[in-house]
Amino acid sequence: MKRANFAPPLLAALLSCAALAHRPMFNPGSNSRAAAYTVAEPDVSQVITARARKGTQDWYTLKVPAGFALNIAVFVGARCSDAYRPQLWLLGPGLSEPGSRPAFLPAGVGAVSVPRTYAPYSGHGVTARKGQTLARTLEGGTYTLVVDHGAADGWYFLYLAGKELGGGTAEGREGLRQFGGASEINTHKFHLKICFLYKNNLTIVNI
């Protein structure tokens with residue numbers, strides 16, 4: 001096979017664009033408000049993978065400025081039991097008291113949730129089940145996310161939309177591989193973006 005030779009500008013573009021991705025992170029466990037996982041840089045696109053235990057919750061905390069547009073969803077491994085349907089909650093300033101408050105939610109704190117409904121999802125190298133998106137413009141301050149796992153074990157990841165800056169951790173990439181054991185995931189397709197120059201235009205494509 002003939003070896004490809006890239007001109008320096010094109011090679012630089014390839015290397016820089018390979019770093020653009022949803023940032024993979026891993027939550028080893030955060031089953032109480034006191035032990036909440038801190039979402040660093042919530043304005044950056046990222047996936048936080050975790051293993052779920054039935055009857056428990058995972059807690060997350062994030063600090064955002066006024067007017068922050070939160071866009072987040074839970075993805076469940078396609079091979080997980082259909083009984084695994086975690087519910088996503090958002091707690092914090094500017095939210096109303098929920099009509100029905102689960103026992104694990106603290107009293108006097110506003111909260112909103114999305115239903116435990118999931119639909120098949122295939123895209124970006126992932127085949128899974130996707131929960132409803134929780135989209136909200138926030139007043140600003142410290143907010144809490146809770147993933148209530150319900151009556152079954154499973155694997156999930158939280159997807160936060162935002163700027164694609166790449167990075168992530170080795171644990172996050174390993175978490176996605178573990179998620180792949182409960183789903184169908186091509187981590188190469190999920191993380192890698194290739195850039196190519198065509199007629200002096202830089203184009204980004206998912207592969």
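Just above, that's the structure.
Here the residue numbers are simple positions, counted from 1 along each chain's written sequence. pLDDT decides what is reported in this predicted model: residues at 70 or higher carry local features, side-chain atom pairs at 80 or more are listed and counted, and totals for whole chains, interfaces and linings draw on all residues regardless. Each side-chain value is derived from all of the structure's non-hydrogen atoms; neither hydrogens nor water enter the calculation.

A. Region of the structure containing the layout of surface pockets. Only protein atoms enter the 1 Å grid used here, on which a cavity is any set of points holding a 1.4 Å probe that cannot leave and a pocket is any open set flanked by protein within 12 Å on both sides along at least five of seven lines; residues with an atom within 4 Å of a point are listed as lining. Grid points are joined across faces, edges and corners, and a volume is the space filled by probe spheres set on the points. When its volume is computed, the largest pocket comes out at roughly 150 Å³. Forming the boundary of the largest pocket are 14 residues, of which P28, G29, R51, R53 and D58 lie nearest the centre. Each helix is a run of DSSP H or I of at least 4 residues and each strand a run of E of at least 2, with the numbering of both proceeding from the N terminus. Residue assignment for the lining of the largest pocket shows that the elements contributing at least two residues are strand 3 (46–52) and strand 4 (57–64). Sort the elements by how many residues they give to the lining of the largest pocket and strand 3 lands first, with three residues. Gly counts as polar in this scheme, as do all residues outside two lists: the nonpolar Ala, Val, Leu, Ile, Met, Phe, Trp, Tyr, Cys and Pro, and the charged Asp, Glu, Lys and Arg. Taken together, the residues of the lining of the largest pocket break down into four nonpolar, seven polar and three charged.

B. Structural detail: unusual backbone geometry. With phi around 50 degrees, E41 is a residue other than glycine that occupies positive phi space. Examined against the element boundaries, E41 turns out to sit in the loop between strand 2 (37–38) and strand 3. Throughout, exposure labels follow a simple rule: accessible area from a 1.4 Å probe, protein chains only, divided by the maximum for the residue type, with under 20% read as buried, over 50% as exposed, and the rest as partly exposed. Judged by relative accessible area, which is 43%, E41 ranks as partly exposed.

C. Summary view of the environment of V109. You can see V109 is positioned in the loop between strand 6 (87–91) and strand 7 (111–113). The spatial distance from the C-alpha of V109 to the C-alpha of G92 is 6.4 Å, given a sequence separation of 17 residues. Only heavy atoms matter for contacts: two residues are in contact if any of them lie within 4.5 Å across the pair. Not counting the four nearest positions on each side in its chain, V109 is found in contact with R33, L91, G92, E97, P98 and R101.

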